[in-house]
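Structural characterization, general
As a plain string of letters, each chain reads:
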Amino acid sequence: MKVVLENLTKEFPARGKKAAGNVVAVDHVSFEIPDGSLTGLLGPSGCGKSTTLFMLCGLLAPTGGKIFFGEDDVTDLPAENRGVGIVFQNYALYPHLTVRQNILFPLENLKGKDKLSKAEMNRKAEEAAALVQIESLMDRKPSELSGGQQQRVAIARAMVKMPRVLLLDEPLSNLDARLRLQTREEIRRIQRETGITTVFVTHDQEEAMSISDQIVVMKEGVVQQIGRPQDVYDDPVNLFVAKFLGTPPINVFDGRVRGGILYIGEDAVLNVNKVPDGNVTVGIRPEGFVLADDGPLHLTLSRVEVLGRDISVVSTSPHSRNESVRSIISAEAKVDTSKPTVAFKLKPAKVFLFHKETEARIRYGE
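Throughout what follows, the structure given in this document is the object of discussion.

Thresholds, definitions, all that
Residues numbered from 1 in each chain as written. Predicted model: local features only at pLDDT ≥ 70, side-chain atom pairs only at ≥ 80, totals over all residues. Heavy atoms only, no water. 1 Å grid on protein atoms, 1.4 Å probe; cavity = no way out; pocket = protein on both sides within 12 Å on 5 of 7 lines; lining within 4 Å. Points joined across faces, edges and corners; volume = space filled by probe spheres on them. Helix = DSSP H or I, 4+ residues; strand = E, 2+ residues; numbered from the N terminus. Nonpolar A, V, L, I, M, F, W, Y, C, P; charged D, E, K, R; others polar. Pairing = 2+ DSSP bridges. Buried < 20%, exposed > 50% of the residue type's maximum accessible area, 1.4 Å probe, protein only. Contact = heavy atoms within 4.5 Å. Axes fitted to C-alpha atoms, helices over the stretch in contact; angles between N-to-C directions.

**Focus: empty space enclosed by the protein**
Taken as a whole and judged by the stated rule, the model has one cavity of 30 Å³ or more. Looking at the largest cavity, the residues that line it are Val 132, Arg 152, Ile 155, Thr 183, Glu 186 and Ile 190. Going through the elements one at a time, helix H4 (147-159) and helix H5 (177-194) are the ones with two or more residues in the lining of the largest cavity. Grouping the amino acids of the lining of the largest cavity by side-chain chemistry returns three nonpolar, one polar and two charged.

Here you go:
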């Protein structure tokens, strides 16, 4: 099921005597979610991603704009008639019901031509439980389950009606690190097996990038960039996107361009043809550094952290906006820790320039 958002907007009334005007939570958002894809809505708290999700499922009415499921305009359609399944951040399981009863609940509320026999409902519940691998837990209550098991029950309950669209609102935020990794892999497996169009809301860029076919990066209710996760990482349109994606985060420097050469401090670090002279913001991905004695960029060495296959060189610079600069290099490289400074060459594809004021991307070498 293809999902299309056209100029979707949501405003909330301002609260308090000093507040002026409405609060715009989602501001004329337009994008397409391809049929059978997993799309991640990504951004910091308050960016409008959950509000967008709640408008998709019908829990919130948009102030303006349209929502289409396929060719159908569902903007004003009640939530129960949209054919969506939703998994909330807190799972929202019924504590007095067993796992089986929780999964059966959406089927028991079907009416008219959609009403199922008891045997059919049990068969569908068993199939949903098998999909998320909780067949042995059907007679337990939610209080007898781990967080990861409760999450699987919530997914099974959302999937039991085989919805047209599956919506996941920060479904992993209550799990520990290992369970988060395991469960996000399970979500991806389930989505691929069923082919259901899925929207996954998260503030965790690693989660979104690891399982999504496309990501939608949002800030203050406005879409910043849409694309395949690797494409957005490799080609950010502005400083916000560049800073939001990546672990460790991108290193940000104050720089300047003079005569087609990029300078960080007094170091002439890169040829940036066709970029006008002036001050710029420089972003360098941690993997964009190459250790070299004759490298043009000189940083003050703080320490070296051994990560196994990689080494993280931690350094500082008076021109860096980060507290420390992290450079990820091969473990085979030898860093001379007896010297106070370390020198690097830069990989051009990992160096981004941004306007000082607007923070929009400045492209070079194209």
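**Some details on the pairing of strand S4 (residues 64-69)**
When strand S1 (residues 3-12) meets S4, the two strands line up antiparallel, connected through five bridges. Of the residues in S4, the one forming a bridge with Leu 5 is Ile 67. The antiparallel pairing of S4 with strand S5 (residues 72-73) creates a hairpin that spans two residues between the two strands, and Gly 70 there sits at a positive phi of about 65 degrees.

**Digging into the environment of Leu 137**
Mapped onto the secondary structure, Leu 137 falls in the loop between helix H3 (118-131) and H4. Exposure remark for Leu 137: the relative accessible area of 6% places this residue in the buried category. Spatially, the C-alpha atoms of Leu 137 and Thr 98 are 8.8 Å apart, while their sequence positions differ by 39 residues. Ignoring anything within four residues of it in the chain, the contact list for Leu 137 reads Val 99, Leu 145 and Gln 149.

**Details of the sheet that holds strand S18 (residues 325-330)**
Strand order in the open sheet made by the five strands is S15-S19-S16-S17-S18, with antiparallel pairing throughout. Of all strands in the sheet, those bounded by a partner on one side alone are strand S15 (289-291) and S18. The mean angle between the axes of side-by-side strands here comes to 50 degrees, regardless of whether they run parallel or antiparallel. Here three bridges tie S15 to strand S19 (residues 341-346), and the two strands are oriented antiparallel to one another. Each residue of the ladder has a partner; that of Val 290, found in S19, is Lys 345.

**Overview of the layout of surface pockets**
In this structure, the largest pocket spans a volume of roughly 840 Å³. Around the largest pocket, the lining is made up of 27 residues, and of these Glu 80, Val 84, Gly 85, Pro 106 and Lys 161 lie nearest the centre. Listing elements by their share of the lining of the largest pocket, those giving two or more residues are strand S6 (84-87), helix H2 (99-108) and H4. In the lining of the largest pocket, the residues fall into 17 nonpolar, three polar and seven charged. Estimated volume of the second largest pocket: approximately 170 Å³. Along the walls of the second largest pocket sit Leu 291, Ala 292, Asp 293, His 298, Lys 334, Val 335, Asp 336, Lys 339, Thr 341, Val 342 and Ala 343, which together make up its complete lining. In terms of residue count, S19 provides more of the lining of the second largest pocket than any other element does, three residues in total. When the residues that make up the lining of the second largest pocket are grouped by side-chain class, the tally is five nonpolar, two polar and four charged.

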